[in-house]
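Chain by chain, the residues:
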Amino acid sequence: MNEPVTDPSEPSTEAPEPAQDQAPEQAMKTPKAANKAAATAMQDVPNWERATLEKLVFASLHEQRLARRWRSFVRLAWLLFFVTLGWLAFSEGVGTQNVTTPHTAVIEIKGEIASDAEASAEMVVASARAAFEDDGAQAVVLLINSPGGSPVQAGIINDEIKRLKELHHKPVYAVVEESAASAAYYIAVAADKIFVDKASIVGSIGVLMDGFGFTGLMDKLGVERRLMTAGENKGFLDPFSPQTETQRAFAQAMLDQIHQQFIAVVKEGRGDRLKATPETFSGLFWSGQQAVEIGLADQLGSLDFVAREVVKAEEIIDYTRRDNVAERLVKRFGVAMGAGAMSALGASAALR
């Protein structure tokens, strides 16, 4: 049988293919894209975490390297410090010694004369011994610039200078710069001659003991001082306790005795050159020009003048013993450690 021929112009009686096959295909494509995007996002998260962890690790390593370098630097610095300190500790603290050529030996006495100062008996005596023992030293010059200090330290230096002078048979001259007062003049009179500048300050032959009393202030503030002693005069220098007339008289007698010792040393050292008056030993001080006129000094002159014109040895060698860096550090450390204890105990009255 022949199949019927359909006219294209006539409407078809068959229903068209439904579009349901395309919709499921698009529906299938959409979840795949979403899953791919989700997978990509999931891959990005671990990458971000890893990058952050890497940065943290590198930063930590960098800080550790810096810390190691800093520790190494600090250790090296401390090692260098202690090596330098050790070298300075063994270095010489005394000026040039054993110079065989003829020269003038100089010992500086500057600043306060005290046991913990550079112008202490320990320092000056050590310098003097080195100068006197040098065969090249034609004479020893005490170059003085000091307002004074401890009579004990000055007495030790005075006695040792006189002993060394007799032992080595070398002349000793004192040259005063700005001042040689009180204990400094006590040392100067051990010299054979004293040279001064016309404007130098010389003299102040006297002794003092100073301190403070706060008893009136304590009463006004209503503060009670609780000081316990064994011995009725044990605390008579305490600034917070009243001083009795007996205690005052005792202290004055002691000062007068030390003053007489000072006067005796001056008279022995100056001899007939001293034109003593009632004011000479009153504690007054004079200019260098006045000191020459009243016999406290011999003539005007400087260190160079003495070396050139008196000693006849123009070369000047310094024998002054000074603390090296290590000794100064140790002393300062000791002072710092003892400052609290001294404050707690209270400073004793100064005698000079």
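Our subject is the structure listed above.
Each value, and the rule that gives it
- Residues numbered from 1 in each chain as written.
- Predicted model: local features only at pLDDT ≥ 70, side-chain atom pairs only at ≥ 80, totals over all residues.
- Heavy atoms only, no water.
- Helix = DSSP H or I, 4+ residues; strand = E, 2+ residues; numbered from the N terminus.
- Buried < 20%, exposed > 50% of the residue type's maximum accessible area, 1.4 Å probe, protein only.
- Contact = heavy atoms within 4.5 Å.
- Expected span 1.5 Å × (residues − 1).
- Polar contact = N/O pair within 3.5 Å; in protein donor to acceptor, adjacent residues only side chain to side chain.
- Salt bridge = Lys/Arg side-chain N within 4 Å of Asp/Glu carboxyl O.
- Phe/Tyr/Trp six-rings, centres within 6.5 Å; stacked < 30°, edge-to-face > 60°.
- Arc of directions from axis to C-beta.
- Patch = residues over 30% accessible without salt bridge, like charges linked within 9 Å, V, L, I, M, F, W, Y side chains within 5 Å.
- Areas by Shrake-Rupley, 256 points an atom, 1.4 Å probe, with all protein chains shown as cover.
- Lys, Arg positive; Asp, Glu negative; His and termini not counted.
- Charge placed at Lys NZ, Arg CZ, Asp CG, Glu CD.
- Pairing = 2+ DSSP bridges.
- Right-handed = clockwise from strand over helix to strand, strands pointing away.

J.: Before we go on, may I ask you to explain the overall build of the protein chain in this structure?
T.: Looking only at helices and strands, the protein chain features 9 helices and 10 strands. Expressed as a percentage of the 352 residues in the protein chain, the buried residues total 32%. Restricting the contact set of the protein chain to residue pairs at least 6 apart, pairs at least 24 apart contribute 76%.

J.: Sorry if this is basic, but what is going on with helix H3 (residues 151–168) here?
T.: Each α-helix winds once per 3.6 residues, and so residues spaced three or four apart point in a common direction. For H3, which comprises 18 residues, the first-to-last C-alpha distance of 26 Å matches the rise-based estimate of 26 Å (1.5 Å per residue) to within 8%. Every buried residue of H3 is accounted for by Pro 151, Gln 153, Ala 154, Gly 155, Ile 157, Asn 158, Glu 160, Ile 161, Leu 164 and Lys 165. Two or three places before Val 152, at the start of H3, stands the capping residue Ser 150, its side-chain oxygen 3.2 Å from that residue's backbone nitrogen. Of the residues flanking the end of H3, it is His 169, one or two places downstream, whose phi is positive at about 55°.

J.: Would you take a moment to explain the pattern of salt bridges for this structure?
T.: Side-chain pairing between opposite charges can occur once the charged atoms of the two side chains come close. One pass over the full model with this rule turns up 11 salt bridges. Glu 108 serves as the salt-bridge partner of Arg 322, at 2.8 Å between the closest nitrogen and oxygen. With a gap of 214 residues between them, Arg 322 in the loop between strand E9 (316–318) and helix H9 (325–345) and Glu 108 in strand E1 (residues 103–110) connect regions that are remote in the sequence. For the salt bridge of Lys 165 with Asp 192, the shortest nitrogen-to-oxygen distance reads 3.3 Å. With Lys 165 in helix H3 and Asp 192 in the loop between helix H4 (183–188) and strand E4 (193–196), this residue pair connects regions lying 27 residues apart in the sequence. The class of Lys 165 is buried, set by a relative accessible area of 18%. By relative accessible area, which is 30% here, Asp 192 ends up partly exposed.

J.: Sorry if this is basic, but what is going on with the packing of aromatic side chains here?
T.: A ring pair, where both rings are aromatic, is described by two values, the distance of the centres and the angle of the planes. Scanning the model with the defined rule gives 5 aromatic pairs in all. Relative to Phe 81, the ring of Trp 78 lies with its centre 5.8 Å away and its plane at 90°, an arrangement referred to as edge-to-face. Here Trp 78 pairs with Phe 81, and both are found in helix H1 (residues 22–90), just 3 residues apart, close to one helical turn. The exposure class of Trp 78 is partly exposed, given its relative accessible area of 49%. For Phe 81, a relative accessible area of 37% corresponds to the partly exposed category. Each ring, one from Tyr 186 and one from Phe 262, has its centre 5.0 Å from the other, and the planes form 35°; the classification is tilted. Separated by 76 residues along the polypeptide, Tyr 186 in helix H4 and Phe 262 in helix H6 (residues 245–270) bring together distant segments of the chain. Phe 262 gets classed as buried once you look at its relative accessible area, which sits at 3%. An aromatic cluster is present here, built from Tyr 173, Phe 195 and Phe 305 joined pairwise through their rings.

J.: Would you mind showing me how to read helix H8 (residues 303–311) here?
T.: Within the span of H8, buried status applies to Leu 303, Val 306, Ala 307 and Val 311. Buried residues along H8 cover an arc of 95° about the axis, so they all sit on one side. Its buried side turned inward, H8 meets E1, strand E2 (137–146), strand E3 (172–181), E4 and E9. Lys 312 occupies a position one or two residues after H8 and carries a positive phi of about 65°.

J.: Looking at this model, I keep getting lost on the side chain of Gln 247. Mind explaining?
T.: Tracing the chain through its elements places Gln 247 in helix H6. The exposure class assigned to Gln 247 is buried, which follows from its relative accessible area of 7%. Of the polar contacts made by the side chain of Gln 247, one reaches the backbone nitrogen of Thr 244; its length is 3.1 Å. The contact partners of Gln 247, leaving out residues within four places of it in the chain, are Glu 232, Asn 233, Phe 236 and Pro 242.

J.: How should the environment of Asn 145 be read in this particular structure?
T.: Mapped onto the secondary structure, Asn 145 falls in strand E2. Sequence separation of Asn 145 and Gly 111 is 34 residues, and the distance between their C-alpha atoms is 6.6 Å.

J.: Would you mind going over a positive patch on the surface with me for this structure?
T.: Side chains of Arg 65, Arg 68, Arg 69, Arg 71 and Arg 75 sit close together on the surface and give a patch of like positive charge. Among the structural elements, Arg 75 can be located in helix H1.

J.: Looking at this structure, I do not really get the pairing of E1. What am I missing?
T.: A regular strand carries its side chains on alternate faces of the sheet. A large share of E1 lies buried, amounting to 6 of its 8 residues. By the bridge criterion, 8 bridges tie E1 to E2 in an arrangement that is parallel. Directly across from His 103, in E2, lies its bridge partner Ala 137. With helix H2 (residues 121–133) bridging E1 and its parallel neighbour E2, the resulting β-α-β unit is right-handed. As judged from the 3 bridges shared by E1 and E9, these two strands associate in the parallel manner. Paired with Thr 104 across the strands is Ile 316, a residue of E9.

J.: What am I meant to see in the pairing of E4 here?
T.: The pairing of E3 with E4 spans 3 bridges and is classified as parallel. Bridge pairing in E4 links Val 175 to Phe 195. Examined bridge by bridge, E4 and strand E8 (residues 299–300) share 2 bridges and lie parallel to one another. By the bridge assignment for E8, Val 196 is matched with Leu 300.

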